[in-house]
Amino acid sequence: MVDGDDPITSPLFGPYKMGKFHLSHRVVLAPMTRCRALNELPNQALVEYYTQRSTPGGFLITEGTLVSPTAPGFPHCPGIYTDEQVEAWKKVVKAVHSKGAIIFCQLWHVGRASHPVYQPGGGTPISSTSKPISKAWRILMPDGSHNNYLPPRALTTSEIPAVVEDYRRAAVNATRAGFDGIELHGAHGYLIDQFLKDGINDRLDEYGGSIANRCRFLMQVINAVISAIGAERVAVRISPAIDHLDASESDPLALGLAVVERLNKLQQKLGSQLTYLHVTQPRYVARGQTEARRQGSEEEEARLMRTLKNAYQGTFICSGGFTRELAMQAVEDGDADLVSFGRLFISNPDLVHRFKINAPLNRYVRATFYTQDPVVGYTDYPFLGQEQGIDKPASRL
């Protein structure tokens with residue numbers, strides 16, 4: 001526990017007004033790919049998973065949700081581009097709302113982080129570039145094996161508006177499904193990040209070169225979804241300092257501040273704020289997001305995040321390797337308004353309660369992160385008090 005902090009009075013467990021949403025605490029379920037939506041359809045397993053992690057006044061962000069048929073790069077990720085998918089999501093949203101929680105849908109396109117096996121007709125994945133992800137990274141195939149990434153196809157300038165429209169349509173579909181809002185996934189080396197990062201974007205048109213040009217696609221997507229559902233239901237996630245999937249950037253702070261500056265100007269122009277800005281900090285590290293490899297000193301990481309937090313005019317969510325104590329400290333020091341948790345929330349469906357009373361945590365099993373089993377490693381992690389004497393549900397596969 002942080003010295004001098006009482007877990008009951010820590011602001012991490014206190015209320016927060018996030019735009020029009022009134023939260024009862026600041027512990028957020030981070031978006032995490034889990035590969036349980038067979039045939040891209042949310043099912044009862046997803047209903048159970050998200051309901052387990054819902055609390056009255058709590059805030060959840062879904063796993064990355066596909067905006068179009070060209071968006072996937074993992075097996076069995078849910079989509080939000082067909083009527084059937086919208087109807088399936090309604091059951092998840094209704095269940096979460098019945099627990100008094102708030103839920104946003106994360107809109108996702110993986111870009112070059114895909115493979116022809118995931119593409120319509122076995123086509124070539126699209127990106128800002130024709131450069132492939134290096135062999136240091138491997139893609140998970142539908143049969144559970146891993147393969148190299150292949151060269152993508154760089155979108156032509158004239159094709160980009162259609163991709164922007166995919167995001168806009170997905171945002172509309174998310175509201176039809178009942179979601180409280182959407183988060184644009186502009187982080188971790190996926191399509192939007194492939195435009196933002198100078199280590200990937202080698203375009204010679206108005207979408208490449210300068211930081212202003214590299215921010216153009218993101219801002220066009222943001223404007224499109226705002227025009228469809230309103231700024232108060234739109235959020236953005238970025239990761240300027242993270243090289244996941246070769247998403248390197250020569251000046252992460254400059255890029256992060258450039259995005260923040262554009263978001264601030266847009267909010268001022270609209271007279272309305274986005275719901276939040278979600279930034280993954282550098283200790284969410286490369287090579288499988290393990291805890292072992294570091295990108296810089298903790299002081300450098302803290303300075304980058306604090307600079308972005310102080311510059312952004314709105315709610316700021318941090319994520320990336322937070323413990324209970326680090327999250328309490330971040331909120332107490334004003335370095336974050338909210339903190340999102342991934343792996344700890346996977347293995348602890350009652351994470352908020354455990355954090356509040358400083359209870360022991362279940363350990364997560366990485367081997368079951370991306371399997372298709374609807375129970376094992378997904379909804380069978382025990383709640384506090386269930387660890388002894390209660391059998392885990394058996395797999396239904």
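Residues numbered from 1 in each chain as written. Predicted model: local features only at pLDDT ≥ 70, side-chain atom pairs only at ≥ 80, totals over all residues. Heavy atoms only, no water.

### Considering the overall build of the chain
The secondary structure content of the chain amounts to 12 helices and 14 strands. By principal-axis analysis of the C-alpha atoms, the chain measures approximately 60 × 45 × 40 Å. Restricting the contact set of the chain to residue pairs at least 6 apart, pairs at least 24 apart contribute 73%. For the chain, the exposed surface amounts to about 15300 Å²; the carbon and sulfur share of it is 52%. Measuring between centres, the 42 positive side-chain charges of the chain sit 3 Å from its 41 negative side-chain charges. (Helix = DSSP H or I, 4+ residues; strand = E, 2+ residues; numbered from the N terminus. Contact = heavy atoms within 4.5 Å. Areas by Shrake-Rupley, 256 points an atom, 1.4 Å probe, with all protein chains shown as cover. Lys, Arg positive; Asp, Glu negative; His and termini not counted. Charge placed at Lys NZ, Arg CZ, Asp CG, Glu CD.)

### So, empty space enclosed by the protein
Applying the stated criterion across every chain yields a total of 1 cavity of 30 Å³ or more. The calculated volume of the largest cavity comes to roughly 50 Å³. As for the largest cavity, its lining consists of His 25, Val 27, Val 28, Leu 29, Arg 53, Ser 54, Thr 55, Gly 58, Phe 59, Leu 60, Phe 345 and Val 352. Residue assignment for the lining of the largest cavity shows that the elements contributing at least two residues are strand S3 (27–29) and strand S4 (59–66). (1 Å grid on protein atoms, 1.4 Å probe; cavity = no way out; pocket = protein on both sides within 12 Å on 5 of 7 lines; lining within 4 Å. Points joined across faces, edges and corners; volume = space filled by probe spheres on them.)

### Quick word on the packing of helix H7 (residues 252–270) against helix H9 (residues 298–311)
Look at H7 against H9: their axes get within 10 Å of each other, and the N-to-C directions meet at 15°. Classified by the angle between their axes, H7 and H9 sit roughly parallel to one another. Crossing of H7 over H9 shows right-handed handedness. Contact residues: Pro 252, Leu 253, Gly 256, Leu 257, Val 260 and Asn 264 in H7; Leu 304, Thr 307, Leu 308 and Ala 311 in H9. Within the contact of H7 with H9, the residues separate by chemical class into 7 nonpolar, 3 polar and no charged. (Axes fitted to C-alpha atoms, helices over the stretch in contact; angles between N-to-C directions. Parallel < 35°, antiparallel > 145°, perpendicular 65-115°, else oblique. Left-handed = near helix turned anticlockwise from the far one by under 90°. Nonpolar A, V, L, I, M, F, W, Y, C, P; charged D, E, K, R; others polar.)

### Details of the pattern of salt bridges
A side chain with one charge may pair with a side chain of the opposite charge, provided their charged atoms come close. In this structure the tally under the stated criterion is 14 salt bridges. Of the charged contacts, one joins Glu 87 and Lys 90 as a salt bridge, the two residues approaching to 2.8 Å between their closest N and O atoms. Of this pair, Glu 87 and Lys 90 both sit in helix H2 (residues 83–98), 3 residues apart, which is roughly one turn of the helix. On the basis of relative accessible area, Glu 87 is assigned to the partly exposed category, the value being 42%. (Salt bridge = Lys/Arg side-chain N within 4 Å of Asp/Glu carboxyl O. Buried < 20%, exposed > 50% of the residue type's maximum accessible area, 1.4 Å probe, protein only.)

### Quick word on unusual backbone geometry
Residues other than glycine predominantly adopt negative phi, and peptide bonds predominantly adopt the trans conformation. The backbone of His 188 shows a phi angle near 60°, a positive value even though the residue is not glycine. Relative to the helices and strands, His 188 resides in the loop between strand S10 (181–186) and helix H4 (191–196). The exposure class of His 188 is buried, given its relative accessible area of 4%. For Asn 358, which is not a glycine, the phi torsion comes out positive at approximately 55°. Note that Asn 358 resides in the segment after helix H12 (351–357).

### Comments concerning the environment of Asn 147
Among the structural elements, Asn 147 can be located in strand S8 (residues 146–148). Sequence-wise, Asn 147 and Trp 137 are 10 residues apart; in three dimensions their C-alpha atoms are separated by 8.8 Å. Sequence-distant contacts of Asn 147, that is, excluding residues within four places in its chain, are made with His 115, Arg 138, Ile 139 and Met 141.

### Quick look at the pairing of strand S12 (residues 276–280)
Judged by how many residues are buried, S12 sits mostly within the fold: 5 of 5 residues are covered. Residues Tyr 276, His 278 and Thr 280 of S12 are buried on one face, and the alternating residues Leu 277 and Val 279, pointing to the opposite face, are buried as well. In terms of strand pairing, strand S11 (residues 234–238) meets S12 through 4 bridges, oriented parallel. In the sheet register, Ile 238 faces S12, and the bridge partner there is Val 279. (Pairing = 2+ DSSP bridges.)

Purely spatial values, then, with no claim about function.
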